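Read off the chains here:
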Amino acid sequence: MNTAAIKNPSWFKKIGLTLLLLTHVFAFSLVTSNADAHDATKIPRLANGKPDFSGIWQTTSAADYDLEPHSNRKDAPPGPGIVEGGEIPYLPKALEQRKKNFENRATDDPALKGFTLGVPRGIYYPEPFQIFQRARDLNIVHQFGHSVRTIHTNNTEHPEDPNDWWLGDSRGKWEGDTLVVDVKHFNDKTWLDRSGNFHSDALQVVERWKFLDPNTIEYKATLTDAQVFSKPWNISVILHRHREKNFQLIEDYRYTLDYDQYYPPKPDQK
Amino acid sequence: MSSKTIVGALAVLGVVAGALPANAHHAFSAEFDAAKPVTVKGVVTKFELVNPHSWLYLDVTGPDGKVTNWGFEFGAPFSLKEKGVTKKTLAVGTEITISGYKSKSGQNYGYAVESTFADGRTVKTGGAQDAPTVQPATN
């Protein structure tokens, strides 16, 4: 073969071309992996080195229509669902309630009354929310309903004498660059989506927040509720950073809509 | 602070309170009937410490031995906490006597003006500004 190659100059050309291609591919892969490494180190961080989730975020997922896989219907686009394994493991009695909720969703969804969305629904509800973060806590402001949730990251525990909060009580800890949040002490007045998936006041949510890149968060949560579900189950959604120029939250406080007619006050109104 | 300022501050409070949802946060007169005073004694089945109003549910045994579950509106969790009322005070199974008013709807719920706990304490548990004081029950 060597002799043939020497005899035939086209072999040199072929080998040369192959080497050139290989070099290019190798060089390109180097550039790409460098870029990845660069992005990974570029995620925003607080002065203490922890990832900084500050910003305005929103999912593009159809999760709020129905957490489970569903085809299109008159009040919802289709969606693959965000439940790991597809179905929520309801206890038999709770499944009956979920079916009733589904039938009455046009009137019974607490979000339609302007109620606080709860956790985790506020995260994948199709409206933006903003995170303000410092070393000791993260404060999440939801556009819908003006709800404000504090995730404490100062190594404190849940209160010993809790209320039944709409957004529960959130205590976070860092596992590397992942923020793990334990949320409990809820009331039973919120739903998990507009299709009637629900929980009791025994709900416990463990969230995992992680940057995929500087503008994308992977949000995962495990839901446990012995009164409603036969076992814990998991959801996962991607959150995107709003980067539109001058983007900001706009008040969406449904309770005040009935009073809008009185504002601004007119001189002839008493 | 002059009385004018106080009136002004109250008026502002009124506007803020008025902006809250009618179906969740309301005046006494919107839901309850001041002409239907009620006193019930029973055992706590659930105590929801929820804003803007807490709710206490209790099983009441009637003269005929029939058990009925009643729900009573309490004040906001923080105001109850200030009076020493927490989840532990009214754990499931605790005995309680409530004096208040029935709902306008006639269903088994009402407004708790004051409650007497198993330890003998009597506490103002209602939170509405326009609620009347306790009257002898007509139930």
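Residues numbered from 1 in each chain as written. Chains lettered and ligands numbered in written order. Predicted model: local features only at pLDDT ≥ 70, side-chain atom pairs only at ≥ 80, totals over all residues. Heavy atoms only, no water.

**A few points about the overall build of chain A**
Part 1 of the argument: Scanning chain A from terminus to terminus reveals five helices and nine strands.
Part 2 of the argument: In chain A, the succession of helices and strands from N to C terminus is α-α-β-α-α-α-β-β-β-β-β-β-β-β.
Part 3 of the argument: The proportion of buried residues among the 270 residues of chain A is 43%.
Part 4 of the argument: Nonlocal contacts in chain A, meaning residues at least 24 apart in sequence, comprise 55% of its contacts between residues at least 6 apart.
Part 5 of the argument: Counting every atom, chain A has about 15,300 Å² of accessible surface; 56% of that belongs to carbon and sulfur. (Helix = DSSP H or I, 4+ residues; strand = E, 2+ residues; numbered from the N terminus. Buried < 20%, exposed > 50% of the residue type's maximum accessible area, 1.4 Å probe, protein only. Contact = heavy atoms within 4.5 Å. Areas by Shrake-Rupley, 256 points an atom, 1.4 Å probe, with all protein chains shown as cover.)

**Digging into helix H3 (residues 92–103) of chain A**
Residues and elements named next belong to chain A.
Part 1 of the argument: The first and last C-alpha atoms of H3 sit 17 Å apart over 12 residues, in line with the 16 Å expected at 1.5 Å per residue.
Part 2 of the argument: For H3, the set of buried residues is Ala 94, Arg 98 and Asn 101. Looking down the long axis of H3, one finds its buried residues gathered within 60 degrees of arc, a one-sided arrangement. Exposed residues pointing more than 90 degrees away from the buried face of H3 are listed as Pro 92, Lys 93, Glu 96, Lys 99, Lys 100 and Glu 103.
Part 3 of the argument: Considering only its buried residues, H3 is in contact with helix H4 (105–108). (Expected span 1.5 Å × (residues − 1). Arc of directions from axis to C-beta.)

**What to know about the interface of chain B and chain A**
Part 1 of the argument: Between chain B and chain A, the residue contacts involve 18 residues of the former and 17 residues of the latter.
Part 2 of the argument: Together chain B and chain A conceal approximately 1,400 Å² of surface at their shared face, both sides included; 45% is due to carbon and sulfur atoms.
Part 3 of the argument: At the surface where chain B touches chain A, the tally comes to three salt bridges.
Part 4 of the argument: For the salt bridge of Lys46(B) with Asp188(A), the shortest nitrogen-to-oxygen distance reads 2.6 Å.
Part 5 of the argument: Counting across the chain B and chain A interface gives seven residue pairs in polar contact (both at pLDDT 80 or more).
Part 6 of the argument: Top element by residues in the side of chain B that touches chain A is strand S1 (residues 32–48) of chain B. It accounts for three residues. (Buried area = accessible area lost by both parts, 1.4 Å probe. Salt bridge = Lys/Arg side-chain N within 4 Å of Asp/Glu carboxyl O. Polar contact = N/O pair within 3.5 Å; in protein donor to acceptor, adjacent residues only side chain to side chain.)

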